[in-house]
Amino acid sequence: MSATVPWQRRPFPRTQPLTTFLWHVRSDRDGVEATGECPQCRCVTKNVIAAVQYVSKGPSKPLRDLLAAGGPRPARCECTTWHLNRPDGVPDGCGASFWIALPSGGISL
């Protein structure tokens, strides 16, 4: 939307998860997608939560278990807007990372 917001690594506190994101189930295999407005640059961003999350020692819990926990999910700005000072090797976003809340009714897969 606006390239006037320069790229800057900026984390938002977990105590303020965003509730305005729309959730869409892609498939049991492809995970779910959350779409909403980045709290830093105000651009539309999409975040995908894959069906299996990987950690340094291998796969962690399946998606169904992650969504059943109901806690906020970490996300980062992945908008396609060009932001000044974005480092080489960072293809998208404004540098913001934030938390998004699952829908109050949950997500059924």
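Above this note sits the structure.
What counts and what doesn't
Residues numbered from 1 in each chain as written. Predicted model: local features only at pLDDT ≥ 70, side-chain atom pairs only at ≥ 80, totals over all residues. Heavy atoms only, no water. Phe/Tyr/Trp six-rings, centres within 6.5 Å; stacked < 30°, edge-to-face > 60°. Helix = DSSP H or I, 4+ residues; strand = E, 2+ residues; numbered from the N terminus. Buried < 20%, exposed > 50% of the residue type's maximum accessible area, 1.4 Å probe, protein only. Core = buried A, V, L, I, M, F, W, Y, C linked by side-chain atoms within 4.5 Å. Contact = heavy atoms within 4.5 Å. Pairing = 2+ DSSP bridges.

Trainee: Whenever I open this one, the packing of aromatic side chains confuses me. Can you help?
Mentor: What describes a pair of aromatic rings is the distance from one ring centre to the other and the angle between the planes of the rings. A full pass over the atoms with the stated rule returns one aromatic pair. Plain terms: the ring middles of F21 and F98 are 5.9 Å apart, the flat faces sit at 45° to each other, and that makes the pair tilted. One end of the pair, F21, is in the loop between β1 (10-11) and β2 (22-27); the other, F98, is in strand β8 (residues 96-100), and 77 residues separate them in sequence. Here F21 and F98 have matching classes, each one buried.

Trainee: It is not clear to me how the nonpolar core should be interpreted in this structure. Could you clarify?
Mentor: Soluble, globular proteins show a tendency: their nonpolar side chains are buried together. Among the nonpolar cores identified, the biggest contains 18 residues, and W23, C38, C41, C77, A96, F98 and I100 are the most heavily contacted of them. Sorting the residues of this core by element identifies β3 (31-37) and β8 as the ones contributing at least two each. For A96, the residues in contact, after removing those within four places along its chain, are Q8, R10, F12, C38, Q40, R76 and C77.

Trainee: Where do I start with the sheet that holds β1 in this structure?
Mentor: Sheets are built from strands that pair by backbone hydrogen bonding, the pairs being arranged parallel or antiparallel. Taken in spatial order, the three strands line up as β1-β8-β7 in an open sheet, and their pairing is mixed. Only two strands of the sheet have a single partner each, and these edge strands are β1 and β7 (73-76). Where β1 lies against β8, two bridges are found, and the strand directions are parallel. Each bridged residue has a counterpart across the sheet, and for P11 the counterpart in β8 is S97.

Geometry only, nothing functional implied.
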